[in-house]
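Here is what each chain is made of, one letter per residue.
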Amino acid sequence: MKIISMIPARYSASRFPGKLMQDLGGKTVILRTYEATVNTNLFDDVLVVTDSDIIYNEIVNNGGKAMMSKKEHECGSDRIAEAVEFLDIDIVINVQGDEPFTDRESLEKLIAVFKDDHNKSIDLASLMVHISNEDEINNPNTVKVIVDQSNFALYFSRSPIPYPRDKNVGVRYFKHKGVYAFRKEAILDFYRLPMLPLEASEKIECIRYLEYGKRIKMVETSTEGVEIDTPEDLERAKKAWK
């Protein structure tokens, strides 16, 4: 299989504009993420896909690979689909641009899903982390996922799922990490299919796959790092980096 990683990178993030160009230990967040992904040595190629000249130049001027995309994409998956449509690849792994703590072990687990899927019955795979902090469980910025007994995703939500009507049943809560591995056909389908009400309501792009009957295999990882969505997250990332 030919496996590449693409890092969608938008400059004007709604909650924290310009976050990918913020300093993290002497380098920008997006450059840290790119280098961490390259340093896993898992991919035939790694590219940043962006609508921003600033981000493009940051990667290229530091010896990396980047490509420009249209500005009007709704989400990172759309940006990647445009980029891979005419590439000869089998699997593309989407690493979010605000994930400078990207690690090899978690990405290896995603790749293994497809190497073991001899019937090609899995459309995409993604990561989840066990969480127990009630503030995090109730935080709408934390996307939660529930799975079946084979770890296929049933639903994603910004609300606490399942609702803890009975707190004595031992339910485990999982946070969805925004790292995806797609078959090329699956991400192109996503690009061509219109957004439906559940995705529009929650503003969670992977819900589109579920609404159209795609199968998402979730992989549990214990490596969480820090996702940089807010200025407060950046400060936590700086402390963790040290």
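Before any of the text, the structure's been laid out above.
Described in the following lines is the structure provided in the data block. (Residues numbered from 1 in each chain as written. Predicted model: local features only at pLDDT ≥ 70, side-chain atom pairs only at ≥ 80, totals over all residues. Heavy atoms only, no water.)

## Things to note about the overall build of the chain
Looking only at helices and strands, one finds nine helices and 11 strands in the chain. Its C-alpha atoms give the chain a radius of gyration of 17 Å, within 12% of the compact-globule value 18 Å for 242 residues. When burial is assessed residue by residue, the chain has 51% of its 242 residues classed as buried. For the chain, restricting intrachain contacts to residue pairs at least 6 apart in sequence, the fraction spanning at least 24 positions comes to 68%. Across the chain, the centroid of the 33 positively charged side chains sits 1 Å from that of the 40 negatively charged ones. (Helix = DSSP H or I, 4+ residues; strand = E, 2+ residues; numbered from the N terminus. Rg over C-alpha atoms; globule rule 2.2 N^0.38 Å. Buried < 20%, exposed > 50% of the residue type's maximum accessible area, 1.4 Å probe, protein only. Contact = heavy atoms within 4.5 Å. Lys, Arg positive; Asp, Glu negative; His and termini not counted. Charge placed at Lys NZ, Arg CZ, Asp CG, Glu CD.)

## Regarding the pattern of salt bridges
Under the criterion given, the structure shown has 15 salt bridges. Salt-bridge contacts for glutamate 35 lead to lysine 27; the nearest nitrogen and oxygen are separated by 3.0 Å. Close ionic contact of aspartate 51 with arginine 79 constitutes a salt bridge, the shortest N to O distance being 3.8 Å. A residue pair is termed long-range when its members are at least 10 positions apart, and aspartate 51 in the loop between β4 (45–50) and α2 (53–60) and arginine 79 in helix α3 (residues 76–84) qualify at 28 residues. In this pair, the class of aspartate 51 matches that of arginine 79, namely buried. One network of salt bridges, in which partners are shared, links Lys19, Asp98 and Asp229. (Salt bridge = Lys/Arg side-chain N within 4 Å of Asp/Glu carboxyl O.)

## Here we look at the packing of helix α1 (residues 29–38) against α2
Close contact between α1 and α2 brings their axes to 10 Å; oriented N to C, the two are set at 45°. Here α1 is positioned oblique relative to α2, judged by the angle of their axes. Handedness of the α1/α2 crossing: right-handed. On the side of α1, the interface is formed by Ile30, Leu31 and Tyr34, while α2 contributes Ile55, Glu58 and Ile59. (Axes fitted to C-alpha atoms, helices over the stretch in contact; angles between N-to-C directions. Parallel < 35°, antiparallel > 145°, perpendicular 65-115°, else oblique. Left-handed = near helix turned anticlockwise from the far one by under 90°.)

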